[in-house]
Each structure stands twice: as C-alpha cells, then as structure tokens.
Amino acid sequence: MEKEAGAVPRVGVCVFLVKGKAVLLGRRLSSIGHSTFALPGGHLEFGESFEECGSRELKEETGLDIAQVELLTVTNNLFLEEPKPSHYVTVFMRAVLKDPQQVPQNLEPHKCDGWDWYDWDNLPKPLFWPLEKMVQDGFDPFPIG
Ligand SMILES: CC(C)CCOP(=O)(O)OP(=O)(O)O
Ligand SMILES: [Mg+2]
Ligand SMILES: [Mg+2]
Ligand SMILES: [Mg+2]
C-alpha cells in the first residue's frame, strides 16, 4: 500500500458518554469524517493516559466533566478515501456525566456542528464509519444491568 512520506499511525481516544440508553454525538466538520455523526474525542497527546485524554477532549469540545471513564474497546482504522490518507488506532472509552444536569456546549463550532443526545436504538445518519461498523457488528456500549 502506497503511503505518504512521513505518514504514521496516530492514536485517537473517543468516549461513549452514556446517559440512560443514549450517547452524545456531534456532526463532524473536519477533513476526516466530514459531516458524519461521531463520538466526542480526539488525539492522544504525549504522556496522557486514555482516561486523561478522554476527559480532556470532552472538556475541550463540550465543556462537560465526566466520571467513571473506562476502556471499552480498540479499533484499527484506515482512512484512505479522505483528502489526506490517515491511519488511526482508535481507543473507545465509556463515561458518565459527573453532574447529570450538565448540558453540553459546542466549544469548537469550526470542528463540530453541535452536540446532542441520541438513543442507541435511533442513531442519526450518517455515522462516522468506525462507529457505523461497530453498530453494524452489534457493539453495545452500555454497562450491563
Ligand atoms: C479521527 C479520529 C479517530 C481521531 C482524531 O479525532 P479528532 O479529529 O476529533 O481530533 P481532535 O479532537 O484532537 O482535533
Ligand atoms: Mg478535540
Ligand atoms: Mg475531536
Ligand atoms: Mg485534540
């Protein structure tokens, strides 16, 4: 496979922020997955734990404070059709709101069209394709019980 000089796999951390049977999603305004609905999250930065990255990205993107941040799964995602081919190892975490009353804000309107809660059984379309694949594979992000 041809790769751009200097192209290396990067790590993304996304968070299933769960509230009942709903998750927080936002429509991406980005070179990767433009106009698709995706979980909040972003690039793992040097020295961060997965939990620290998830909490930081949620705060940066939505203003929300999260708790009980735990590792759910990891996927290996090649974005070859995008304007700039890229390769991400995507770490998926689950978390809950520290304060259930806290409301998400769209703090990066140049990167996201807005955040909203969506029932897992009635997800918006189109989903960001790594998430779409997990849904099609029957992935369940909710705690058991
Ligand atoms: C593409 C994705 C799997 C990883 C990067 O996520 P992102 O574009 O939301 O990154 P940032 O929030 O860090 O800008
Ligand atoms: Mg971000
Ligand atoms: Mg992001
Ligand atoms: Mg980031």
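Above this text is the structure in question.
These numbers were taken from a predicted model, which means no experiment stands behind them.

Here's the deal with the overall build of the chain
- When its secondary structure is counted, the chain shows two helices and seven strands.
- The globule rule puts the C-alpha radius of gyration for 145 residues at 15 Å, and the 15 Å found for the chain is close to it.
- With respect to the principal axes defined by its C-alpha atoms, the chain has extents near 45 × 35 × 30 Å.
- Residue burial in the chain is summarised as follows: out of 145 residues, 44% are buried.
- Looking at the chain alone, contacts between residues at least 24 apart form 70% of all its contacts between residues at least 6 apart.
- Surface accessibility of the chain: about 8200 Å² in total, with carbon and sulfur atoms responsible for 55%.
- Of the side-chain charges in the chain, 14 are positive and 22 negative, and the distance between the mean point of each set is 0 Å.

Here's the deal with the site of ligand 1
- As a matter of local geometry, ligand 1 sits amid R28, I32, G41, G42, H43, E57, E61, Y88, T90 and K111.
- With respect to ligand 1, the side chain of H43 contributes an N or O atom lying 3.0 Å from an oxygen atom.
- Within the side chain of E57, an N or O atom sits 3.2 Å from an oxygen atom of ligand 1.
- Alone, ligand 1 offers 400 Å² of accessible surface; in the complex the protein occludes 88% of this.
- Mapped onto the shell around ligand 1, the elements with two or more residues apiece are β4 (41-43), α1 (50-62) and β6 (86-97).
- In terms of residue count, β4 provides more of the shell around ligand 1 than any other element does, three residues in total.
- Class assignment for the residues of the shell around ligand 1 results in two nonpolar, four polar and four charged.

So, the coordination of the magnesium ion (ligand 2)
- All of the protein donors around the magnesium ion (ligand 2) are E57 (OE) and E61 (OE); their distances to the metal are 2.0 to 2.1 Å.
- In this structure the magnesium ion (ligand 3) is found 3.2 Å away from the magnesium ion (ligand 2), and E61 serves as a bridging donor for the pair. Within this pair, E57 and its partner E61 are both found in helix α1, separated by four residues, close to a single helical turn. The pair E57 / E61 is uniform in exposure class, with both members buried.

Thoughts on α1
- Helix length check: α1, at 13 residues, gives a terminal C-alpha distance of 18 Å against a target of 18 Å (1.5 Å per residue), a fit within 8%.
- Turning to α1, its buried residues are C53, G54, R56, E57, L58, E61 and T62.
- Structurally, α1 contributes buried residues whose contacts are with β1 (10-19), β2 (22-28), β4, β5 (66-79) and β7 (112-119).
- Once α1 finishes, G63 follows within two positions and takes phi at roughly 80°, a positive value.

A look at the pairing of β2
- Along β2, five of the seven residues are buried, which leaves the element largely enclosed by surrounding structure.
- Pairing of β1 with β2 involves two bridges; the strand directions are antiparallel. For K19, the partnering residue across the bridge sits in β2 and is A22.
- Between β1 and β2, which follow one another and run antiparallel, lie two residues, and G20 among them has a positive phi close to 60°.
- Relative to β7, β2 is paired through six bridges, and the arrangement is antiparallel. Of the residues in β7, the one forming a bridge with L25 is D116.
- Here β2 pairs with strand β3 (residues 37-38) via two bridges, running antiparallel. Following the sheet pairing, R27 is matched in β3 by F37.

Cut-offs applied
- Residues numbered from 1 in each chain as written.
- Chains lettered and ligands numbered in written order.
- Predicted model: local features only at pLDDT ≥ 70, side-chain atom pairs only at ≥ 80, totals over all residues.
- Heavy atoms only, no water.
- Helix = DSSP H or I, 4+ residues; strand = E, 2+ residues; numbered from the N terminus.
- Rg over C-alpha atoms; globule rule 2.2 N^0.38 Å.
- Buried < 20%, exposed > 50% of the residue type's maximum accessible area, 1.4 Å probe, protein only.
- Contact = heavy atoms within 4.5 Å.
- Areas by Shrake-Rupley, 256 points an atom, 1.4 Å probe, with all protein chains shown as cover.
- Lys, Arg positive; Asp, Glu negative; His and termini not counted.
- Charge placed at Lys NZ, Arg CZ, Asp CG, Glu CD.
- Near = heavy atom within 4 Å.
- Polar contact = N/O pair within 3.5 Å; in protein donor to acceptor, adjacent residues only side chain to side chain.
- Nonpolar A, V, L, I, M, F, W, Y, C, P; charged D, E, K, R; others polar.
- Donors = N, O, S within 2.8 Å, 3.2 Å for Na, K, Ca; no water.
- Expected span 1.5 Å × (residues − 1).
- Pairing = 2+ DSSP bridges.

None of the figures reported here should be taken as evidence of function without further support.
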